[in-house]
Amino acid sequence: MTTENEPSTGRNGQRRVRLVVAGTTIVVVAFGILLMARAESHVNKVALEGRPKGVTVVEARAASYRPSRRYVGTILPWIEAKVGPQLISGYVDTVLARPGDVVKRGQVIATLDCRNASASSKAVAMQARAIQTEQEAIAHESARVAELKEGGFASPNEIERHAADSASKQAQVMETEAKMQRATLEVNDCVLRAPFAGEIATRLVDPGAFVRPGTDVASVVDRNTVRVIAEVPEADFEVARVGVPVVIRALATNRELHAKIARRSPAADLSTRTVHLEIDVPDPERSLPVGTTAELAIDVGEPTSATEIPLIAASVRGSKATVFVVDGQQAKKVVYPIKGERGGQLFLDPSLRPGSHVVTEGRSLLKDGDRVEATLETEPAAPAGSALAAEAKR
């Protein structure tokens, strides 16, 4: 009986193997078909040239533009003095001021060790006193000899000799007095004083340093009024006239100041061909640091109508600007005349209508007539109180 069932069992096993292989094949084929369908679904069958290009646009704004000239200047104190010895050399004994200290006229800033000068001054004073006494004695003797002439007791030669001796001693007295005045100046030079009321700007030496005539110990500045100086091109000689209003921006404090040109040189520098000008700015609070940079702006001509766009929205070549204007879903390449530029903004001819959408981002990939998908960006306004905002409102 066992022998009769063996062929049947073998046939059943073969059928199961074939069924498993067929089922596995069907599953693999079905999975492959599924993967192919999924891959096909992610394939872009639309040409890239036919799809709208994503760009960012801003709205052109109506504005008025007034041409201006801009220069870089320097803020200087009204007066400045470098304090140091002018006649003697010596060691610094004391320095009584630090940068920022307020000093009065005549206030002691530093002293030098001048014991040698003091001794020399006293010696010259004693010498002058001795010569003065000797001269007085000779003068009296000459007077007495002159009285003896009437009685015939003194010859004219003797009288002239005594007069000459008296005059010689008088000259020596005057020479010694001059030496004494110089010695007094040297002694006074040992005490360094503020030449005017102001502030200490720099302290250059400390006690113990050896200084010579011309060595600066400290510097004093007066900032109650500051001078803004600048050099302008010779072509702007008529623009920078005396009395012309100027907008000044101090970079150190970011303050905006308004003043007028006070002085202008009548001649240009031969090497740079620039003209020197000065502007006086009262500063009673002494809030402007001197030696710092200032930007100057002078308006020229009359305001004119213009359309304002960001500078990044245009390609500038000469006096023309090329921009892409979105009309519906199409970008058009247009060229407009430039009226001017200020603070990252470009001012174009009003033929670019205010309210037009101008491409800012993505413009480098555009061609005239391309389809676009535009996203409107709100342009941030200029900071309140800034020179740009003030000029934009005019």
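Residues numbered from 1 in each chain as written. Predicted model: local features only at pLDDT ≥ 70, side-chain atom pairs only at ≥ 80, totals over all residues. Heavy atoms only, no water.

1. Some thoughts on the overall build of the protein chain
Stated formally: Here a helix means four or more residues in a row that DSSP labels H or I, a strand means two or more in a row labelled E, and each is numbered from the N terminus. The buried label goes to any residue with under 20% of its type's maximum accessible area, the exposed label to any with over 50%, and the partly exposed label to all in between, with areas taken from a 1.4 Å probe on protein chains only. Any pair of residues with heavy atoms lying within 4.5 Å of one another is described as a contacting pair. In this description, accessible areas are obtained by the Shrake-Rupley approach with a 1.4 Å probe, and a residue is regarded as covered only by the protein chains that are shown.
If you tally the helices and strands in the protein chain, you get four helices and 21 strands. Within the protein chain, buried positions represent 32% of all 394 residues. For the protein chain, the share of sequence-separated contacts (at least 6 apart) that also reach a separation of at least 24 residues comes to 76%. Entry remark: accessible area of the protein chain is about 24,200 Å², with carbon and sulfur atoms responsible for 55%.

2. Topic: the nonpolar core
The tendency in soluble globular proteins is for nonpolar side chains to be buried as a group. Put simply, the test is: Throughout this description, the term nonpolar core refers to a set of buried Ala, Val, Leu, Ile, Met, Phe, Trp, Tyr and Cys residues connected via side-chain atoms within 4.5 Å.
Core analysis: the biggest nonpolar cluster contains 23 residues, and Ile 248, Ile 279, Val 281 and Leu 296 have the highest contact counts within it. Elements with a minimum of two residues in this core: β3 (68-83), β10 (218-233), β11 (245-250), β12 (255-268), β13 (274-282) and β14 (293-299). Not counting residues up to four positions away in its chain, the partners in contact with Leu 296 are Arg 69, Arg 70, Tyr 71, Gly 73, Val 228, Ala 230, Val 246, Val 247, Ile 248, Leu 277 and Ile 279. Ranked by size, the runner-up nonpolar core spans 21 residues in total, among them Val 83, Cys 114, Cys 190 and Val 220.

3. A word on the packing of aromatic side chains
Selection criterion: Only Phe, Tyr and Trp rings take part, Trp by its six-membered ring, and two of them pair if their centres are within 6.5 Å. Stacked means planes under 30 degrees apart, edge-to-face means over 60, and tilted covers everything else. Counted as over-ring charges are cases with an Arg CZ or a Lys NZ within 6 Å of the ring centre that also lie within 35 degrees of the ring normal.
Inspection of the entire model under this criterion finds two aromatic pairs. Aromatic side chains Tyr 65 and Phe 347 sit 5.0 Å apart centroid to centroid with 35° between the ring planes, which places their arrangement in the tilted category. Taken together, the residues span a long stretch of sequence, with Tyr 65 in strand β2 (residues 61-65) and Phe 347 in strand β19 (residues 345-348) at a distance of 282 residues. Among the residues examined, Tyr 65 registers a relative accessible area of 8% and is labelled buried. Classification of Phe 347 as buried rests on a relative accessible area of 2%. Above the plane of the ring of Phe 237 lies Arg 264, whose end atom (NZ or CZ) is 3.8 Å from the centre.

4. Digging into unusual backbone geometry
Despite not being glycine, Asn 254 has its phi angle at roughly 55°, a positive value. By secondary structure assignment, the location of Asn 254 is in the loop between β11 and β12. With phi around 60°, Arg 273 is a residue other than glycine that occupies positive phi space. Mapped onto the secondary structure, Arg 273 falls in the loop between β12 and β13.

5. A word on the sheet that holds strand β6 (residues 108-112)
Basically, it comes down to this: The rule for pairing is simple: two strands pair if DSSP sees at least two bridges between them.
Pairing is antiparallel in the open sheet, where four strands are placed in the order β7-β6-β4-β9. Either end of the sheet is taken by a strand with one partner, and the two such strands are β7 (191-193) and β9 (210-211). Where strand β4 (residues 90-95) lies against β9, two bridges are found, and the strand directions are antiparallel. Bridged to Gly 90 within β9 is Val 211.

6. Quick word on the pairing of β13
Side-chain direction in a regular strand flips from residue to residue, so the side chains alternate between the two faces of the sheet. Relative to β13, β10 is paired through nine bridges, and the arrangement is antiparallel. Paired with Thr 225 across the two strands is Pro 282, which belongs to β13. Across four bridges, β12 lies against β13 in antiparallel orientation. Looking at β13, one finds that Arg 264 is bridged to Leu 277. Once β12 ends, the chain turns through five residues before running back antiparallel as β13, passing Arg 273 with a positive phi of about 60°.

7. Quick word on the confidence of the model for the protein chain
Short version of the rule: Residue-level confidence of the predictor, termed pLDDT, takes values from 0 up to 100.
Overall, the predicted model of the protein chain reaches an average pLDDT of 81, with 73% of residues at or above 70. Considering each helix and strand of the protein chain separately, the mean pLDDT is smallest for helix α4 (residues 387-393), with a value of 41, and largest for β13, with 96. Note on residues 381-394: pLDDT under 50 across the span, and 16 contacts to partners over four residues away in sequence or across chains.

8. Considerations on the pattern of salt bridges
Spelled out, the test is: By convention in these notes, a salt bridge is any Lys or Arg side-chain nitrogen within 4 Å of a carboxyl oxygen on Asp or Glu.
The tally for this structure, following the rule as stated, stands at 13 salt bridges. Two residues, Glu 295 and Arg 249, come together in a salt bridge whose shortest N-O distance is 3.1 Å. Remark: Arg 249 occurs in strand β11 and Glu 295 occurs in strand β14; sequence separation between them is 46 residues. Several salt bridges converge on common partners, so that one network encompasses Arg 227, Arg 263, Glu 278 and Asp 280.

9. Observations concerning the environment of Ala 81
Here Ala 81 shows up in strand β3. Accessibility expressed as a relative area gives 18% for Ala 81, which makes it buried. Linking Ala 81 and Asp 216, residues 135 residues apart in sequence, is a C-alpha distance of 9.7 Å. If sequence neighbours within four positions are ignored, Ala 81 has contacts with Pro 195, Phe 196, Ala 218, Ser 219 and Val 220.

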